[in-house]
Structure formats: structure tokens, C-alpha cells
Amino acid sequence: MPKYYLTTPIYYVNDVPHLGHAYTSIAADVLARYHKLNGDDVFLLTGTDEHGAKIAEAAKEAKKSPQEFVDQLVPKFENLCKVLNVQYSQFFRTTNPKHEKIVQEFIDKLNKAGYIEKRKYQGLYCVGCEKFLTPDDLVDGRCPDHKTEPVMQSEENYFFLLSKIAEEKDLYNLIKSDKFKVSPVARKNEVLGKIKAGLEDVSISRESVEWGVKFPGDESQTVYVWVDALINYLSATKIYKDGPIWPADLHLIGKDILWFHAVIWPAMLLAVGEKLPKEVFAHGFFTIDGHKMSKTVGNVLDPIELVEKYGADAVRYAILREFPFGEDGDISEEKIALRYEKELANGIGNLLNRTLVMINKYGAKVSDKEIDRLGTSVGEKVQRLDFHGALETIRLIVETGNEIIEEKKPWELAKGNKTKELNELLNEVYWILNSITKNIASFMPDTSEKMKKQLKTLKPEPLFPRIEK
Ligand SMILES: [Zn+2]
């Protein structure tokens, strides 16, 4: 069985999970299910990033120790996966002592290989970002993401010699030639442009941050939370899998963390002689009702409330259907409700219902002839992470099914006693429904199961019940 190892980012647990977390997890689960259905040995890794100054601060505010604080939030992230029907293989936590040990070993290796140097660093540090910002990053003297003024900090830090390793191993050409694939192409070009502009070495330890993995050989420092987090992808394979499943086939990430995954992470791996992941794919961001999701604007969509109202399958469908995965887009509850009504209830649900009703009413004989009209095209799109396109293809075939019925009017064929034509027509629509059942399986697993059952027993039951407004 070919293995397929894919990862979501590990989510930073300084607050409760939101729709952004749900987005990446749903996409990862669709891919994982698709590969499982195609016979691959899938390992889907997700989890939580639990160290760093931001968490220590949030814990302090909540009058808890950092460990207590993360212990209380992590179940909410696990629960979100459960509610969304995301079947991960392993939920990973960076506070796992085995992981902490592997992080220290990794840094030891970097050091022995000659890629770590102690230097004095002075710069503008944003606590929210957990990183030093350059004057170019600032807008009116403030961090553009956190709207706070960074503080001048000076530290003796350990630096990872990113520029040295990237040049030695020609990281630029590894990316350019797709030996290490960065997707979509716009993101690849963005990364290549930045590498060409010159690489700066990265400070990978913190003197001022206590809540983290102790830096090996210097207990006065902790490992920079980003370095600790990236190593999770590798340490999970050592902790939870016996077989050699590294390298990862795919790291699924949001575009805001592209630099860490497309440049720093492969450089770290090259420096210790590990294989590179095959691909990093950065998805876009969405606004909600045209605005950046924020508590102040009051437009935060709670994925759990959405699932309670529309069901996990409909939320999975709507969020991947709305705009292409690699691009930015907009989502709102109104849009989800519209997809639910038009494409699910009145689309797939209606086609299934009316077809089963007619098969029963006219006593048609239907058979499970194996044809798959959309399989190849939908599958190719899923493999390219074009979920939006795959769902559009499925929607079109649902529409075709409904059009065939409208055009050929089985009720008139029945009136005219045209039994053969009637039987052929209902068989055609029945096969279309079988194909839809198969092709929505990774997107809407429960709906697919329900359809399979109904197509077998020919007992119609509403798939997407009407929602009270
Ligand atoms: Zn910031």
C-alpha cells in the first residue's frame, strides 16, 4: 500500500478554535479520505502548538499556569475535529515530553553540523507575532497584525545559519525545479523572489521566554516556538509510527506561515540530512461578510454552531465550495445557507428523493451497473486540491440528473405505457446518483453513506431537511 502522510499546521492554542482552523482541517480530511478510498495507507497528523510567550501571557491573564491553560484548551481543538468529522490519525501536542526531547536532539544535530552560532541580536520584537520585526514590517510604527508597538529587545541568541545552508544545498533551485514543491505557483514565485532578495539567519532561541523547550547546552534559553513547532511533523513519525513514513507527502498550511514552511523548515531538514517533504500547499484566507474575522467587528463564525444548524457535511461542503482553496475569498452564514438550500436540499437531496419516489411508483427495475461518469474528473481535481472545482463538477452532474427528468418527463412515459423507455430513463438517473454517492464520499461522508443506503433499499428519506430561519 502506498503511504500518504499529510499534515495540518499545529494550531496555536492561545484562544478557542474558529472557522479558520476548521477550514484547513476539513481540507486535510477530504484529502485523507480520498486517498484512503483509493487504497493508500494514510497518516493524517494534526495537533496543537503549545509553547511561547503568547500562551504564557494568555495563561497569566486567565490566572493559570501555561500547562493548565493549554490542557484546558486542547480538548476544544480535538472536539472541533470530532464535530467536523475530521478523522485524524494522530493528534499531536508539542508539550509531549518525547517531542521536547526530539527537538533538543534536532538542535544538537544542527549544532554539530555547524549551522548554529551565538550572536547578539537587537531588534523590534512583537509579542503577538513572537518574532522580531523589521522597520519595513511596521505600519505607523506598529505591528500591522496586532496594532501594537513592538518593543526594542536585545538578546544573546543562537542563530540558525539559514543563508549558509540554503546556498550550500541550493534551496532556490530545489523549489524552482519542484524537487521540493511549493504550491500554488503564485506562492512558489513569492518564495523564490524573497530568497533571491537575500536570506537572513534566524534566531532560534529566546532568553526572555520561559515557556518552551530548554535549549540544549544552555538552559538559560528556550527554543524559539516556531522551531519547536515545525519539528512536530518529523517527531510525530518517530513517536507514533514504527514504519518510516517520513518524508511528508503534503504540508497543508495557511499562506501566513508560508515562509516558515517553504524556507526555514526545508533548510533545517537539509542541515541535519533529512529528506524534504514533497509539497507545501498554502491556502488563502477568507473574510466573513467582507470583513476580516474579529471579535471587535463581531463577525466571528463559530464552526460548532454552524454544524449544529446545518450539519457537518453541509459546512464541509459550503466552505470548500465557496472559492478556490489556494485563493482568498469570502464566506458568511448567508452563503452557507444558500448553498445548503440550492445545491444540497434542492440539488442532491431533491434528485435522490424524486428518483426513488418514481422508481417505486412506476415499479422500475434498477441495477447497479458500475459506471462512474465523474470519477476521473473529480478525482483529478481533488488531487490538485481544487476542491471548489471538484464540487462544481459534482453540482453540474446533479443538475444534469434533474434536467434529464424535466426533459424526458417520466410521468408522461408512464402515462403512455412506454415501459422500456421509462425503465432506461430511471436507470440512467439511478446510475448518476450512484456516481454522486461515490464522488461526494470524501467531502460529505455521512451523506454519502445515507445515499448508499437509500439507493439500496429504495426508501426515500430527506437528506437535507429544511432549516428553520
Ligand atoms: Zn504582531
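1. Structural notes on the overall build of the chain
Right, on to step 1. A count of helical and extended segments in the chain gives 18 helices and 14 strands.
Right, on to step 2. Projected onto its principal axes, the C-alpha coordinates of the chain cover approximately 90 × 45 × 40 Å.
Right, on to step 3. By the burial criterion, 42% of the 469 residues in the chain qualify as buried.
Right, on to step 4. Taking as baseline every contact in the chain between residues at least 6 positions apart, the subset at least 24 positions apart corresponds to 74%.

2. Description of the sheet that holds strand β11 (residues 250-254)
Right, on to step 1. Read across the sheet, 6 strands follow the order β3-β2-β1-β11-β12-β7 without closing on themselves; strand pairing throughout is parallel. Each edge of the open sheet carries a strand with a single partner, namely β3 (90-93) and β7 (181-183). Across the sheet, the axes of successive neighbouring strands diverge by a mean angle of 20°, strand direction being ignored.
Right, on to step 2. The sheet contact formed by strand β1 (residues 3-12) and β11 spans 2 bridges and is parallel. The residue bridging T7 from the neighbouring strand is H251, located in β11.
Right, on to step 3. Sheet contacts for helix α3 (residues 66-83): β1, β2 (41-49) and β3; angle to β2, the most-contacted strand, approximately 145°.

3. Topic: the pairing of strand β12 (residues 279-283)
Right, on to step 1. With 4 of 5 residues buried, β12 is to be regarded as a mostly interior element.
Right, on to step 2. Summarising the sheet, β7 and β12 pair through 3 bridges and their orientation is parallel. Looking at β12, one finds that K181 is bridged to E279.
Right, on to step 3. Here β11 pairs with β12 via 4 bridges, running parallel.

4. Quick notes on helix α1 (residues 19-37)
Right, on to step 1. For α1, with 19 residues, the first-to-last C-alpha span of 26 Å sits near the 27 Å given by 1.5 Å per residue.
Right, on to step 2. In terms of burial, α1 is a largely internal element, 16 of the 19 residues being buried.
Right, on to step 3. Where α1 terminates, the next one or two residues include G39, which has phi positive at roughly 90°.

5. Focus: the domain arrangement of the chain
Right, on to step 1. We note that the domain assignment places domain 1 (3-283) and domain 2 (332-457) within the chain.
Right, on to step 2. Taken over C-alpha atoms, the centre of domain 1 sits 42 Å from the centre of domain 2.
Right, on to step 3. In terms of residues, the side of domain 1 that touches domain 2 owes the most to one element, α1, which gives 6 residues.
Right, on to step 4. Classifying every residue of the side of domain 1 that touches domain 2 gives 6 nonpolar, 1 polar and 1 charged.

6. Thoughts on the nonpolar core
Right, on to step 1. Judged by nonpolar contacts, the single largest core of 137 residues is most densely connected at L6, A27, A267 and L320.
Right, on to step 2. In terms of residues, this core owes the most to one element, α1, which gives 10 residues.
Right, on to step 3. Counting contributing residues per domain, this core is built from domain 1 (3-283) and domain 2 (332-457), each supplying no fewer than three.
Right, on to step 4. Ignoring anything within four residues of it in the chain, the contact list for A267 reads L162, I165, A166 and L171.

7. Some points on the environment of L396
Right, on to step 1. Mapping L396 onto the fold places it in helix α15 (residues 387-408).
Right, on to step 2. What makes L396 exposed here is the crowd of 12 C-beta atoms within 10 Å.
Right, on to step 3. Through-space distance from the C-alpha of L396 to that of E343 is 9.9 Å; in sequence the pair is 53 residues apart.

8. Regarding the sheet that holds strand β4 (residues 116-126)
Right, on to step 1. Ordered by their spatial adjacency, 4 strands build an open sheet running β5-β4-β6-β8, and the pairing between neighbours is antiparallel. Every interior strand has two partners, whereas the edge strands, β5 (131-133) and β8 (202-203), have only one.
Right, on to step 2. By the bridge criterion, 2 bridges tie strand β6 (residues 151-160) to β8 in an arrangement that is antiparallel. Residue pairing across strands places F160 opposite V202, the latter belonging to β8.

9. Brief notes about the pairing of β6
In the case of a regular strand, side chains alternate between the two sheet surfaces.
Right, on to step 1. Here β4 pairs with β6 via 10 bridges, running antiparallel. Within the sheet, the bridge partner assigned to K118 lies in β6 and is Y158.

10. Side note on helix α18 (residues 445-457)
Residue pairs spaced three or four apart in an α-helix point in one direction, given the helix's 3.6 residues per turn.
Right, on to step 1. In this model, α18 (13 residues) spans 19 Å end to end at C-alpha, consistent with the 18 Å of a helix rising 1.5 Å per residue.
Right, on to step 2. Burial in α18 covers these residues: T447, S448, M451 and L455. On an axial view of α18, the arc spanned by its buried residues comes to 100°, and they lie on one face. Residues of α18 that are exposed and angled more than 90 degrees away from the buried face: E449, K453, K456 and T457.

11. Some details on the packing of helix α12 (residues 312-321) against helix α13 (residues 333-361)
Right, on to step 1. The N-to-C vectors of α12 and α13 enclose an angle of 105°; their axes lie 9 Å apart at closest approach. Considered as vectors, α12 and α13 are oriented roughly perpendicular to each other. Contacts from A314, V315, Y317, A318 and R321 of α12 reach α13 at K335, I336, R339, Y340 and L344.
Right, on to step 2. For the contact of α12 with α13, the residue count by class is 7 nonpolar, no polar and 3 charged.

Each value, and the rule that gives it
- Residues numbered from 1 in each chain as written.
- Predicted model: local features only at pLDDT ≥ 70, side-chain atom pairs only at ≥ 80, totals over all residues.
- Helix = DSSP H or I, 4+ residues; strand = E, 2+ residues; numbered from the N terminus.
- Buried ≥ 20, exposed ≤ 12 C-beta atoms within 10 Å, placed from the backbone.
- Contact = placed C-beta atoms within 7 Å.
- Pairing = 2+ DSSP bridges.
- Axes fitted to C-alpha atoms, helices over the stretch in contact; angles between N-to-C directions.
- Expected span 1.5 Å × (residues − 1).
- Domains from an automatic or database assignment.
- Nonpolar A, V, L, I, M, F, W, Y, C, P; charged D, E, K, R; others polar.
- Core = buried A, V, L, I, M, F, W, Y, C linked by C-beta atoms within 7 Å.
- Arc of directions from axis to C-beta.
- Parallel < 35°, antiparallel > 145°, perpendicular 65-115°, else oblique.

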